[in-house]
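One-letter residues, chain by chain:
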Amino acid sequence: MNDEHTPTDFIREMIHADNESEKYGGRVQTRFPPEPNGYLHIGHAKSICLNFGLAEEFGGVCNLRFDDTNPVTEDQNFVDGIIEDIQWLGFEPNDIRYASDYFEQLYQWAESLIEQDLAYVDDQDAETISEQRGGFTTPGVNSPFRDRTVDENLALFRGMRAGEYADGEKVLRAKIDMNHENMQMRDPVLYRIRREHHFRTGTDWIIFPTYDWAHGQGDAIEEVTHSICTLEFDSHRPLYDWCLANLDLPRDTPEQTEFARLNLTHTVTSKRKLKSLVEDGSVDGWDDPRMPTLRGMRRRGYPAEAIRTFMDHIGVAKSNSTHDIELLESFIRTHLNKTALRRMGVLRPLKVVITNWPEGHSDMREAINNPEDETAGTRQVPFSGELWIEQDDFALDPPPKYYRLTIGREVRLRAGYFITANDVVTDDDGNVVEVHCTYDPETAGGQAPDGRKVKATIHWVSAATAVDATVHLYDRLFTDSHPGSGDTDPLSSLNPNARETVHAKVEPALGEVSGGDVVQFERLGYFAVDPDDTSVFHRTVGLRDEWANIQKRRKNS
RNA sequence: UGGCCAAUAGUUCAGUUGGUAGAACGCCAGAUUUUGAUUCUGGAGGUCGAAGGUUCGAUCCCUUCUUGGCCAACCA
């Protein structure tokens with residue numbers, strides 16, 4: 001392993017220390033534990049890279065464990081999708097487990113807790129229990145059912161399992177301390193009754209363990225050593241430890257460590273919020289390219305490898321942080337620059353007529369597929385007297401520093417000829433609809449024999465052989481850089497114009513692409529071919545655009 | 001109001017036996033360029049949240065304060 005690129009952080013240091021002290025006999029095991037109630041997003045990718053990465057680096061293993069303890073929201077589609085997404089990201093679970101695999105063991109352990117007089121059945125409703133929990137500065141109140149005998153509790157708990165009580169009628173609670181300064185320790189609920197169909201256990205169980213009763217035990221059963229989760233579980237750690245300490249376990253118990261979850265500007269990384277976008281139709285689905293989900297990013301053309309590189313780069317710490325989405329994009333560009341084939345596509349076409357081009361003649365130009373990769377070779381691009389160029393590449397009244405096409409100026413057509421604009425045709429509103437140019441036959445291939453230079457090279461597509469394509473251009477999904485900051489509703493800054501669709505003219509080679517391919521439209525950006533319709537392209541990310549910066553500066557000054 | 005966690009360039013992070021700060025991205029400038037891209041070179045940018053204390057010496061250790069985050073679901 002290359003030390004230079006091996007990230008170091010407080011978690012890796014801790015594991016090194018544990019290994020040196022032989023805490024787990026030098027063994028390292030982690031897990032990634034999603035609840036299958038939605039698809040994975042970029043925030044999960046950080047956790048996945050961390051957990052699987054740690055296992056790999058320290059010669060251990062990492063399981064995928066579905067935390068399926070709440071039958072209300074979970075289903076098999078999410079399980080399948082999550083497995084697929086992890087594989088796409090480039091990781092392979094050592095094993096795939098389910099918290100529901102452990103329901104019987106968890107139940108037995110709950111009985112043992114009752115036998116130790118460390119848990120009791122409470123008959124009160126959720127609202128009452130919540131009120132009795134007290135506040136941060138006020139002590140809680142003991143439940144009137146807190147002192148039931150072990151035998152009574154055991155009988156009641158067995159009755160809960162057997163279906164003798166209605167949903168919500170009784171819960172099992174840990175007997176810890178209603179006066180604890182940590183609210184999580186004020187007799188947390190361990191089991192609740194829910195007559196819901198569970199996607200794996202069906203109707204076998206009507207009582208379900210809560211997260212707190214399932215998670216640490218799941219870790220222990222799988223022999224996880226380092227249980228890594230996000231910061232908000234920090235206050236659960238004493239409870240995690242309490243549960244394990246009161247079970248008869250054969251080995252060292254796993255150790256929970258918290259890190260700061262990933263936040264990105266202009267992005268929401270909350271499964272619940274993303275779900276509402278899908279459900280209210282704000283986006284086309286979980287795999288909409290505007291979504292920060294792994295499947296959305298995949299459809300958009302984000303390479304998995306670039307996402308992993310990004311995660312390595314940002315590291316892991318305990319301070320809450322929000323990364324600039326542009327940083328992620330820079331990793332996407334860096335990756336795609338090296339790998340994407342170059343093609344020409346005109347997003348907003350403007351007709352160019354070459355007046356001195358021989359009538360009816362057409363020509364083939366040779367173009368380089370990827371200047372960053374010689375092995376990518378070249379291709380033939382048809383050229384003729386009628387072309388499409390980008391509307392932005394011609395200006396009747398050019399702004400300062402504009403050096404693209406304008407009347408009387410010569411520019412290069414990429415891989416083609418030098419052309420000079422002489423005249424325009426306008427419509428009734430004065431809009432330019434056609435530019436008349438002459439070309440210099442001596443400049444075939446893009447060089448002038450007399451050595452004269454042009455300041456600009458523009459892309460083009462021959463009109464006769466142009467292929468029609470639908471191209472989706474994406475902007476930030478949320479206009480606010482920190483959607484939901486303060487007490488605002490993140491959805492209030494949802495950008496209704498996050499997707500703009502244009503009808504483009506593209507070169508013939510783009511008619512022969514496969515779903516999922518990502519190419520560079522020269523001078524514009526990277527575009528991913530839609531997996532279901534190869535005439536549809538999604539703009540993955542634009543190229544860095546110095547000209548846009550110049551214009552922005554002019555506007556601001 | 002209580003507890004816990006955090007605070008270093010615009011942003012995210014390094015900075016470990018305590019010796020007054022580095023990287024990446026971004027920004028600016030130059031070179032190269034048949035992509036205003038890429039690549040290369042250089043530059044600007046920090047009273048290390050504040051105030052005390054320990055020490056010959058503190059970004060690092062201690063105290064207090066400030067600011068931000070999390071915690072009072074039968075969600076995870």
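Located above this text is the structure these notes cover.
First, a word on what this report is: a plain description of the structure on this page. (Residues numbered from 1 in each chain as written. Chains lettered and ligands numbered in written order. Predicted model: local features only at pLDDT ≥ 70, side-chain atom pairs only at ≥ 80, totals over all residues. Heavy atoms only, no water.)

Quick look at the pairing of strand 5 (residues 171-174) now. Regular strands have side chains that alternate between both faces of the sheet. The two faces of strand 5 match: Val171 and Arg173 on one face and Leu172 and Ala174 on the other face are all buried. In this sheet, strand 5 lies alongside strand 4 (residues 119-122) in antiparallel orientation, the contact comprising 4 bridges. What sits directly across from Tyr120, in strand 5, is Arg173. Across 3 bridges, strand 5 lies against strand 6 (residues 189-193) in antiparallel orientation. Following the sheet pairing, Val171 is matched in strand 6 by Arg192. (Buried < 20%, exposed > 50% of the residue type's maximum accessible area, 1.4 Å probe, protein only. Helix = DSSP H or I, 4+ residues; strand = E, 2+ residues; numbered from the N terminus. Pairing = 2+ DSSP bridges.)

Let's shift gears to the sheet that holds strand 18 (residues 410-413). Hydrogen bonds between backbone groups are what pair the strands of a sheet, and the pairing can be parallel or antiparallel. Read across the open sheet, the 7 strands follow the order 21-18-19-20-14-17-22; overall the sheet is mixed. The strands lining the two open edges of the sheet, one partner per strand, are strand 21 (457-458) and strand 22 (460-462). Where strand 17 (residues 386-390) lies against strand 22, 3 bridges are found, and the strand directions are antiparallel. If you follow Leu387 over to strand 22, its bridge partner there is Ser462.

Summed over all chains, the structure comprises 21 aromatic pairs. Ring geometry for Trp357 and Tyr417: centres 5.8 Å apart, planes at 70°, overall edge-to-face. Taken together, the residues span a long stretch of sequence, with Trp357 in the loop between strand 14 (349-354) and strand 15 (362-368) and Tyr417 in the loop between strand 18 and strand 19 (418-426) at a distance of 60 residues. Assigned by exposure class, Trp357 and Tyr417 land together as buried. For the pair Phe521 and Phe527, a centre-to-centre distance of 4.1 Å together with 20° between the ring planes defines the contact as stacked. The same class applies to Phe521 and to Phe527, which are both buried. (Phe/Tyr/Trp six-rings, centres within 6.5 Å; stacked < 30°, edge-to-face > 60°.)

Close contacts around RNA strand B come from 66 residues, with Arg194, Arg342, Arg414, Gly445 and Arg553 the closest. What you see for RNA strand B is that sugar and phosphate hold 63% of its atoms within 4 Å of the protein. For RNA strand B, a base nitrogen lies 3.2 Å from a polar atom in the backbone of Gly168. Between RNA strand B and the protein, one listed contact pairs a base oxygen with a backbone N or O atom of Ala415 at 3.0 Å. Mapped onto the surface near RNA strand B, the elements with two or more residues apiece are helix 5 (126-132), strand 6, helix 11 (304-314), strand 11 (321-323), helix 12 (325-339) and helix 13 (546-556). Among the elements that make up the surface near RNA strand B, the one with the highest residue count is helix 13 (5 residues). Residue composition of the surface near RNA strand B, by class: 19 nonpolar, 25 polar and 22 charged. (Near = heavy atom within 4 Å. Polar contact = N/O pair within 3.5 Å; in protein donor to acceptor, adjacent residues only side chain to side chain. Nonpolar A, V, L, I, M, F, W, Y, C, P; charged D, E, K, R; others polar.)

All right, on to the side chain of Lys351 then. Note that Lys351 resides in strand 14. Excluding residues that lie within four positions of it along the chain, Lys351 makes contacts with Glu386, Leu387, Trp388, Val433, Glu434, Val435 and Ala463. (Contact = heavy atoms within 4.5 Å.)

Let us now look at the nonpolar core. Core analysis: the biggest nonpolar cluster contains 37 residues, and Ile42, Ile86, Leu89 and Met311 have the highest contact counts within it. Look past the residues within four positions of Ile86 in its chain and what remains in contact with it is Phe32, Leu40, Ile48, Phe52, Leu64, Phe91 and Pro93. In terms of nonpolar packing, the next biggest core, distinct from the first, is built from 36 residues, Ala110, Leu172, Tyr191 and Leu239 among them. (Core = buried A, V, L, I, M, F, W, Y, C linked by side-chain atoms within 4.5 Å.)

Now for the pattern of salt bridges. According to the stated counting rule, one finds 44 salt bridges in the structure shown. Here Lys175 ties to Asp117 by a salt bridge, and the two come within 3.0 Å at their closest N and O atoms. Taken together, the residues Lys175 in the loop between strand 5 and strand 6 and Asp117 in the loop between helix 4 (103-115) and strand 4 connect sequence positions 58 residues apart. Residue Asp117 is classed as partly exposed on the basis of its relative accessible area, which comes to 34%. Among the salt bridges present, the one from Glu258 reaches Lys318, with a minimum N-O distance of 3.4 Å. You can see Glu258 sitting in strand 9 (residues 255-259) and its partner Lys318 sitting in the loop between helix 11 and strand 11, a full 60 residues away along the chain. A relative accessible area of 1% means that Glu258 is categorised as buried. (Salt bridge = Lys/Arg side-chain N within 4 Å of Asp/Glu carboxyl O.)

Where burial is concerned, the two faces of strand 15 differ: the one with Asp363, Arg365 and Ala367 is buried and the one with Ser362, Met364, Glu366 and Ile368 is not. Bridge count for strand 15 against strand 16 (residues 378-384) is 7 bridges, and the pairing is antiparallel. Note on strand 16: the bridge partner recorded for Glu366 is Gln380.

Another aspect to go through is the sheet that holds strand 6. Read from one edge to the other, the open sheet built from 4 strands follows the order 4-5-6-7, with strand pairing classed as antiparallel. A strand with exactly one partner marks an edge of an open sheet, and here the two such strands are strand 4 and strand 7 (207-209). The mean angle between the axes of side-by-side strands here comes to 20°, regardless of whether they run parallel or antiparallel. Packed on one face of the sheet, helix 4 meets strand 4, strand 5, strand 6 and strand 7 and runs near 120° to strand 6. (Axes fitted to C-alpha atoms, helices over the stretch in contact; angles between N-to-C directions.)

Glancing now at the packing of helix 4 against helix 6 (residues 150-162). Axis angle and axis distance: for two packed helices, these are the angle between their axes and the distance between the axes, and together they describe the pair. The geometry of helix 4 relative to helix 6 is characterised by a closest axis approach of 9 Å and an angle of 160° between their N-to-C directions. It follows that helix 4 is roughly antiparallel to helix 6 by the angle criterion. Classified by chirality, the crossing of helix 6 by helix 4 is right-handed. Residues Glu104, Tyr107, Ala110, Glu111, Ile114 and Glu115 of helix 4 form the contact with helix 6, whose own contacting residues are Val150, Asn153, Leu154, Phe157, Arg158 and Arg161. Split into classes, the residues belonging to the contact of helix 4 with helix 6 amount to 6 nonpolar, 1 polar and 5 charged. (Parallel < 35°, antiparallel > 145°, perpendicular 65-115°, else oblique. Left-handed = near helix turned anticlockwise from the far one by under 90°.)

All right, on to the environment of Leu54 then. Here Leu54 lies in helix 2 (residues 42-57). Taking relative accessible area as the criterion, Leu54 reaches 0% and is therefore assigned buried. As a C-alpha pair, Leu54 and Asp95 span 41 residues in sequence and 16 Å in three-dimensional space.

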